[in-house]
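Each chain, letter by letter, is given below.
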Amino acid sequence: MKICVIGTGYVGLVSGTCFAEFGFQVTCVDVNAQKIENLNKGIIPIYEPGLDDLVLKNVTSKNLSFSTNLGQSVQHADVIFIAVGTPTSADSGKADLSYVFKALEDLAPHVTTYKVVVVKSTVPVGTCRKVSDFLAQHCSTELFDVVSNPEFLREGAAIEDFMRPNRVVIGSQSERATALMKQLYRPLYLFETPAVYTSWESAEVIKYSANAFLATKISFINQISDLCEACGANIQDVAKGIGLDHRIGSKFLHPSPGYGGSCFPKDARALLETAKEYAVALSLIEAGVSYNDARKHKMAERVTAHFKGNLNGKVIGVLGLTFKPNTDDMRESPSLSIIPELVKAGAIVQAYDPKGMDEAHHFFRDSITYCQDAYQAITGSDVTLILTEWNAFRGLDLKRMKSLMKSPCVFDFRNIYTLKEMNDAGFEYHSLGRRSSDYAPSSKNQKTG
Ligand code: NAD
Ligand code: UGA
């Protein structure tokens, strides 16, 4: 079976490569000629663990190729995946579907034999119906079926998530198309991957609800973390204590400076817009979104308050810029809200990120100093600020760190150190949902964490 993937970004490139690994013939298409030229030279446009080796392997075996020629790639394909971006619109919180419909416009003239057009991009409910109507205006309805197949991979763990998903969701109203999708995902049935066969609408709502639920779960734990700080409880014990209840689950209970990334913020916003259109109140999701937006600002305020409101000339060593570890993606990263506030207030920011430095230049330009490693970033700093939980920051030589800093103060917004080790190393340590003062080595009431 031949596959054409339109849009060679995080989702298109990973899905295309994984389908090629399953043994299908895949062509990944993009309008960005530079990206395709680079891919043809073996240069991978994103950092995603394991992706470079898998691309190389499948290009070598001739299962995977890259092209800007959409027409030719579509003509040869049985299945066409649309994996272009659906960012927030410039003038509202709605998903901008212009890339999806531009791709359809480009592909429609090439639908001359039967094709299954699969919408993998995250799109609001009702879009697949519109896609089908759009194609019907340009080609015979005998020649295509539309399927909704939302993607649930996470950046940084994308290959594992694609190869071993918790589930596959197929929204279809054609048996022929469903049968073809089953064939495509057949390699996953060996691992007994559950599949949900449903309507277009349900598949579309599943994708947004999953992201909104997870985003709300994070806002929930971040709010409980605020309470822990105020009342002296320890968020790590609390998260463990509630997460062991299988109905709640231990995942996505890590407090943070706020969730970011290319999807949770934009998808939660888009879902709220959809709800508005249907005159339905999604107040829980709305509360989670506004809390998350405010939280990023609150994080900057915490640092400012440490200097009694005067950040002028203070040196802040920032560790981590990407929205999560194991990616170079900076989209809606908390660092993009926090750092500009600190800089605006007069702070000098020295930053390091293991993979995000190139991307960071596009956002911060010359407003910050870019460092070669974590130790350089904290050298001469009044405070170290940990924004992303990269493994490279988990085992820093605390003695060396202390000797390099002007004053030994750490704001750890990912809780990657224990209160005990930071206390023992002589740091003033501020983390989330845990009070440093609670750790007193000689105290009878000594707490964990
Ligand atoms: P991306 O911005 O990384 O990639 C999109 C690609 O599409 C770009 O390379 C762009 O040049 C290309 N493109 C745009 N218009 C085109 C056209 N007409 N023809 C050919 N190529 C075109 O986006 P992404 O992060 O991969 O996200 C894609 C979709 O998948 C979005 O709807 C997103 O919400 C969803 N999604 C993303 C993730 C993720 O982890 N990034 C996970 C699940 C779902
Ligand atoms: C998320 C979902 O997890 C994927 O299932 C989905 O496919 C994807 O969005 C999408 O639709 O694009 P991703 O954004 O790559 O994936 O990364 P996550 O691991 O979900 O993290 C998102 C944000 O939440 C990050 O900023 C992360 O730091 C934050 N987070 C995550 C927390 O603050 N606490 C947690 O416990 C977990």
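Each value, and the rule that gives it
Residues numbered from 1 in each chain as written. Chains lettered and ligands numbered in written order. Predicted model: local features only at pLDDT ≥ 70, side-chain atom pairs only at ≥ 80, totals over all residues. Heavy atoms only, no water. Helix = DSSP H or I, 4+ residues; strand = E, 2+ residues; numbered from the N terminus. Buried < 20%, exposed > 50% of the residue type's maximum accessible area, 1.4 Å probe, protein only. Contact = heavy atoms within 4.5 Å. Axes fitted to C-alpha atoms, helices over the stretch in contact; angles between N-to-C directions. Parallel < 35°, antiparallel > 145°, perpendicular 65-115°, else oblique. Left-handed = near helix turned anticlockwise from the far one by under 90°. Nonpolar A, V, L, I, M, F, W, Y, C, P; charged D, E, K, R; others polar. Near = heavy atom within 4 Å. Polar contact = N/O pair within 3.5 Å; in protein donor to acceptor, adjacent residues only side chain to side chain. Core = buried A, V, L, I, M, F, W, Y, C linked by side-chain atoms within 4.5 Å. Phe/Tyr/Trp six-rings, centres within 6.5 Å; stacked < 30°, edge-to-face > 60°. Lys NZ or Arg CZ within 6 Å of the ring centre and 35° of its normal. Areas by Shrake-Rupley, 256 points an atom, 1.4 Å probe, with all protein chains shown as cover. Salt bridge = Lys/Arg side-chain N within 4 Å of Asp/Glu carboxyl O. Pairing = 2+ DSSP bridges. Right-handed = clockwise from strand over helix to strand, strands pointing away.

Engineer: What is the right way to look at the environment of Ser-333 in this model?
Structural biologist: Looking at the element boundaries, Ser-333 is found in the loop between β9 (315-319) and α14 (334-344). Residue classification places Ser-333 among the buried residues on the basis of a relative accessible area of 2%. Discounting residues that sit within four places of it in the chain, Ser-333 has contacts with Gly-261, Leu-321, Thr-322 and Phe-323.

Engineer: What am I meant to see in the packing of helix α12 (residues 264-277) against helix α13 (residues 283-306) here?
Structural biologist: For any two helices packed against each other, the geometry is given by the interaxial angle and the distance between the axes. Close contact between α12 and α13 brings their axes to 10 Å; oriented N to C, the two are set at 140°. In this view, α12 runs oblique relative to α13, as classed from their interaxial angle. α12 and α13 meet at a crossing whose hand is left-handed. Across the interface between the two elements, Ala-268, Leu-271 and Leu-272 from α12 touch Ile-285, Glu-286 and Val-289 from α13. Residue composition of the contact of α12 with α13, grouped by class: five nonpolar, no polar and one charged.

Engineer: Please explain the site of ligand 2 as it appears in this structure.
Structural biologist: In the neighbourhood of ligand 2, 20 residues make up the surrounding shell, with Phe-152, Leu-153, Lys-207, Ser-256 and Cys-263 lying closest. Between ligand 2 and Leu-153 there is a distance of 2.6 Å, counted from an oxygen atom to a backbone nitrogen or oxygen. In the model, an oxygen atom of ligand 2 is placed 2.9 Å from a nitrogen or oxygen of the Gly-260 main chain. Looking at the shell around ligand 2 residue by residue, the class counts come to nine nonpolar, four polar and seven charged.

Engineer: Explain the nonpolar core to me, please; I cannot follow it from the model alone.
Structural biologist: One finds Val-303, Ile-316, Val-318, Leu-321, Leu-342 and Leu-385 to be the most contacted residues of the largest nonpolar core, which totals 48 residues. When sequence neighbours within four positions are dropped, the list of residues in contact with Ile-316 reads Val-303, Leu-311, Leu-342, Ala-347, Ile-348, Val-349, Gln-350, Ser-381, Val-383 and Leu-385. Ranked by size, the runner-up nonpolar core spans 41 residues in total, among them Phe-19, Val-55, Met-181 and Leu-184.

Engineer: What's the story with the packing of aromatic side chains in this structure? I'm lost.
Structural biologist: For any pair of aromatic rings, the description consists of the separation of the ring centres together with the inter-plane angle of the planes. The tally for this structure, following the rule as stated, stands at 12 aromatic pairs. Ring geometry for Phe-19 against Phe-22: centres 5.9 Å apart, planes inclined by 80°, an arrangement best described as edge-to-face. For the pair shown, Phe-19 and Phe-22 are each scored as buried. Arranged with centres 5.4 Å apart and planes meeting at 65°, the rings of Phe-19 and Tyr-185 form a pair that is edge-to-face. Taken together, the residues span a long stretch of sequence, with Phe-19 in helix α1 (residues 10-21) and Tyr-185 in the loop between α8 (175-184) and α9 (186-189) at a distance of 166 residues. Every member of this aromatic cluster is reached through a ring pair, and the members are Phe-19, Phe-22, Phe-24, Phe-81, Phe-162 and Tyr-185. Lying over the aromatic face of Tyr-375, Arg-400 brings its terminal NZ or CZ to 3.8 Å of the ring centre.

Engineer: Sorry if this is basic, but what is going on with the site of ligand 1 here?
Structural biologist: The environment of ligand 1 is made up of 26 residues, and the closest members are Val-11, Asp-30, Lys-35, Thr-86 and Lys-266. Measuring from an oxygen atom of ligand 1, one finds a backbone N or O atom of Val-11 at 2.8 Å. Side-chain polar atom of Asp-30 to an oxygen atom of ligand 1: 2.6 Å apart, as the coordinates give it. In the complex, the protein chains occlude 89% of the 840 Å² of accessible area that ligand 1 would expose alone. Of all the elements, helix α5 (residues 98-107) adds the most residues to the shell around ligand 1, at three residues.

Engineer: For this particular structure, what's the right way to read the pattern of salt bridges?
Structural biologist: Pairing between side chains of opposite charge can happen when the charged atoms of each approach one another. Within this structure, the stated rule accounts for 19 salt bridges. Salt-bridge contacts for Arg-154 lead to Asp-161; the nearest nitrogen and oxygen are separated by 2.8 Å. The exposure class assigned to Arg-154 is partly exposed, which follows from its relative accessible area of 39%. Judged by relative accessible area, which is 13%, Asp-161 ranks as buried. Measuring nitrogen to oxygen at the nearest pair gives 3.7 Å for the salt bridge that ties Asp-226 to Arg-302. Placement of the pair is Asp-226 in helix α10 (residues 200-231) and Arg-302 in helix α13, with a sequence separation of 76 residues. Several salt bridges share partner residues, and in doing so they unite Asp-226, Glu-229, Arg-295 and Arg-302 into one network.

Engineer: Explain the pairing of strand β10 (residues 348-352) to me, please; I cannot follow it from the model alone.
Structural biologist: Where a strand is regular, its side chains alternate between the two sheet faces. Counting buried positions along β10 gives four out of five residues, so the element sits mostly inside the fold. Two elements, β9 and β10, share five bridges in a ladder whose sense is parallel. Looking at the pairing, Val-318 lines up with Ala-351 of β10. Running through helix α15 (residues 357-364), the crossover from β10 to the neighbouring parallel element strand β11 (residues 369-370) is right-handed.

Engineer: What should I look at first to understand the side chain of Thr-122 in this one?
Structural biologist: Structurally, Thr-122 is set in the loop between β5 (115-119) and α6 (127-138). What Thr-122 contacts, discounting residues up to four positions off in sequence, is Thr-86, Lys-207, Tyr-208, Lys-266 and Asp-267.

Engineer: What should I look at first to understand the side chain of Lys-266 in this one?
Structural biologist: By the element assignment, Lys-266 lies in helix α12. Side chain to side chain, Lys-266 and Asp-267 meet in a polar contact 2.7 Å long.

Engineer: Which parts of the structure should I look at to understand the sheet that holds strand β8 (residues 195-198)?
Structural biologist: Strand pairing in a sheet relies on backbone hydrogen bonds. The paired strands run either parallel or antiparallel. With mixed pairing, the eight strands of this open sheet are ordered in space as β3-β2-β1-β4-β5-β6-β7-β8. Strands at the two margins of the open sheet, each flanked by one partner only, are β3 (64-67) and β8. Neighbouring strand axes in the sheet, compared pairwise and without regard to direction, differ in orientation by 25° on average.

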